[in-house]
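This is what each chain is made of:
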Amino acid sequence: MKKKSIVFFSIFLLVAACAPKEGIEIRDAWIRTALQGGNSALYFVIHNYSADDELVGISAEIADAAEMHESSMVDDVMQMRMVESVPLASGEDVEFASGGLHVMLIGVKEELKAGDTVEVVLHFKNSVDIRLQVPVQEGADEHGGHGG
Ligand SMILES: [Cu+2]
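### Focus on the overall build of the protein
Then comes step 1: When helices and strands are tallied, the protein shows zero helices and 10 strands.
Then comes step 2: Counting from the amino terminus, the protein carries its helices and strands in the arrangement β-β-β-β-β-β-β-β-β-β.
Then comes step 3: Expressed as a percentage of the 148 residues in the protein, the buried residues total 24%.
Then comes step 4: Considering only contacts in the protein between residues 6 or more positions apart, those separated by 24 or more positions represent 70%.

### Description of the nonpolar core
Then comes step 1: In terms of nonpolar packing, the biggest core is built from 29 residues, with Leu42, Ala60, Val103, Leu105 and Val118 touching the most fellow members.
Then comes step 2: Among the elements of the structure, strand E1 (24–32), strand E2 (40–48), strand E3 (53–59), strand E4 (63–74), strand E8 (101–108), strand E9 (117–124) and strand E10 (130–137) are those that each provide at least two residues to this core.

### Quick notes on the environment of glycine 57
Then comes step 1: Mapped onto the elements of the fold, glycine 57 is located in strand E3.
Then comes step 2: Put simply, glycine 57 and glutamate 84 are 27 residues apart on the chain and 7.5 Å apart in space, counted from C-alpha to C-alpha.

### Comments concerning the pairing of E10
Looking along a regular strand, one sees side chains alternate from face to face of the sheet.
Then comes step 1: With two bridges joining them, E1 and E10 adopt parallel strand pairing. Across the sheet, the residue bridging to arginine 32 is glutamine 137, located in E10.
Then comes step 2: Pairing analysis gives six bridges linking E9 to E10, with the strands arranged antiparallel. The partner of valine 121 across the bridge, within E10, is arginine 131.

### Considering unusual backbone geometry
Then comes step 1: In this model, aspartate 28 sits at a positive phi of 55°, which is unusual for a non-glycine residue.
Then comes step 2: Non-glycine residue aspartate 76 carries a positive phi angle of around 65°.
Then comes step 3: Along the polypeptide, aspartate 76 turns up in the loop between E4 and strand E5 (77–82).

### Here we look at the confidence of the model for the protein
Then comes step 1: Summing up the model confidence of the protein, the mean pLDDT is 87 and the portion of residues at 70 or higher is 80%.
Then comes step 2: Between residues 144–148, whose pLDDT stays under 50, and residues either more than four places distant or in other chains, the model counts four contacts.

### So, the environment of isoleucine 31
Then comes step 1: Relative to the helices and strands, isoleucine 31 is located in strand E1.
Then comes step 2: Between the C-alpha atoms of isoleucine 31 and valine 134, which are 103 residues apart in sequence, the distance is 6.6 Å.
Then comes step 3: Discounting chain neighbours no more than four positions away, the residues touching isoleucine 31 are Ser40, Leu42, Leu105, Leu112, Val118, Val134 and Val136.

Analysis parameters
- Just so you know, the residues in each chain are numbered from 1, in the order the chain's sequence is written.
- In view of the model being predicted, local features appear only for residues whose pLDDT reaches at least 70, and side-chain atom pairs are presented and counted only at 80 or more, with totals across whole chains, interfaces and linings using the full set of residues.
- Here a strand is any run of E in DSSP of at least two residues, a helix any run of H or I of at least four, and the numbering for each starts at the N terminus.
- Whether a residue is buried, exposed or partly exposed follows from its count of other C-beta atoms within 10 Å of its own C-beta, namely 20 or more, 12 or fewer, or something in between, respectively; the C-beta atoms are built from the backbone.
- Throughout, a pair of residues is in contact if the C-beta atoms placed from their backbones lie within 7 Å.
- In this usage, the nonpolar core is the set of buried Ala, Val, Leu, Ile, Met, Phe, Trp, Tyr and Cys residues whose C-beta atoms join them within 7 Å.
- Two strands form a pair only when DSSP identifies at least two bridges running between them.
- As a per-residue measure, pLDDT tells how confident the predictor is, with possible values from 0 to 100.

Structure representation (structure tokens):
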């Protein structure tokens, strides 16, 4: 009688415990409440898991224009300048937050109330567009004297 030998193959695959993420991730996005015709601001954090890239623009149908701005204190006065593109270094977080980088939504076409959702599209130099549904939240109005 032939003895069947059963061979157990233990196959060890070298699998990374956690597959590396790729692309660009946006988190903690929110938009400040605003009245119709007024200005609002969009904030978020970007993490770039890929090679160096740049955020080159933002589209938001809800507003007449969406511009990237950077606030900074100059001689105790908050100043803002428009930014054409924002470098996204590989592996780095870039934060759009009150008092720093932000996206101005100029001339919103309808009132933005807390709990609403607004669609925005982020454009990159190398990566494909990212479409986001962003919640509207109450927030301090840092743009009181901004004028657009
Ligand atoms: Cu601004």
